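Listed below are the residues making up each chain.
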Amino acid sequence: MSGTDDPPSEFDPADVRGSDIEPVGAMIAVAFTGAVIGLVGAGIALFVSDLGLALIGVGVVVALSSPLAYLRFRRRYGA
């Protein structure tokens with residue numbers, strides 16, 4: 001009998017390839033990365049204001065570029 005924390009028997013993380021990630025999944029990953037960059041920048045801004053503000057700006061740009069890129073992809077390829 002398996003424990004409650006065991007993944008399902010059919011799940012194998014090694015089976016996931018880059019081509020398996022849909023555009024929506026990529027958009028979520030990029031937006032999450034932008035949010036993390038912005039949060040790190042907010043933490044750093046407490047000590048080094050210029051670097052922190054720069055990282056916050058980069059994080060916002062990355063997070064907002066993700067949905068724009070996805071919408072452009074859908075419009076271009078009709079997906």
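Residues numbered from 1 in each chain as written. Predicted model: local features only at pLDDT ≥ 70, side-chain atom pairs only at ≥ 80, totals over all residues. Heavy atoms only, no water.

Colleague: Looking at this structure, how should I read the overall build of the protein?
Modeller: The secondary structure content of the protein amounts to two helices and zero strands. Relative to its full complement of 79 residues, the protein shows a buried share of 9%. Partitioning the contacts of the protein with sequence separation of at least 6, the portion at a separation of at least 24 is 45%. For the protein, the exposed surface amounts to about 6300 Å²; the carbon and sulfur share of it is 67%. (Helix = DSSP H or I, 4+ residues; strand = E, 2+ residues; numbered from the N terminus. Buried < 20%, exposed > 50% of the residue type's maximum accessible area, 1.4 Å probe, protein only. Contact = heavy atoms within 4.5 Å. Areas by Shrake-Rupley, 256 points an atom, 1.4 Å probe, with all protein chains shown as cover.)

Colleague: Explain the environment of L51 to me, please; I cannot follow it from the model alone.
Modeller: Looking at the element boundaries, L51 is found in helix α2 (residues 49-77). Overall, the relative accessible area of 44% leaves L51 in the partly exposed class.

Colleague: Even after reading the chapter, I still don't get α2, so can you show me in this structure?
Modeller: In a regular helix each residue adds 1.5 Å, so 29 residues correspond to 42 Å; α2 covers 42 Å between its end C-alpha atoms and thus fits that length. Its buried side turned inward, α2 meets α1 (23-45). One or two steps after α2, the chain reaches G78, where phi turns positive at roughly 65°. (Expected span 1.5 Å × (residues − 1).)

Colleague: What exactly am I supposed to notice about a nonpolar patch on the surface here?
Modeller: On the surface, a cluster of nonpolar side chains totalling about 480 Å² of accessible area is made up of L46, F47, V48 and L51. By the secondary structure assignment, F47 is in the loop between α1 and α2. (Patch = residues over 30% accessible without salt bridge, like charges linked within 9 Å, V, L, I, M, F, W, Y side chains within 5 Å. Salt bridge = Lys/Arg side-chain N within 4 Å of Asp/Glu carboxyl O.)

Colleague: Is there a simple way to think about the packing of α1 against α2 in this case?
Modeller: If you want to describe how two helices pack, look at the angle between their axes and the distance between the axes. In contact at an axis separation of 7 Å, α1 and α2 are set at 170° when each is read in the N-to-C sense. By the angle class used here, α1 and α2 are roughly antiparallel. Both α1 and α2 take part in a crossing whose hand is left-handed. Split by residue class, the contact of α1 with α2 holds 21 nonpolar, seven polar and no charged. (Axes fitted to C-alpha atoms, helices over the stretch in contact; angles between N-to-C directions. Parallel < 35°, antiparallel > 145°, perpendicular 65-115°, else oblique. Left-handed = near helix turned anticlockwise from the far one by under 90°. Nonpolar A, V, L, I, M, F, W, Y, C, P; charged D, E, K, R; others polar.)

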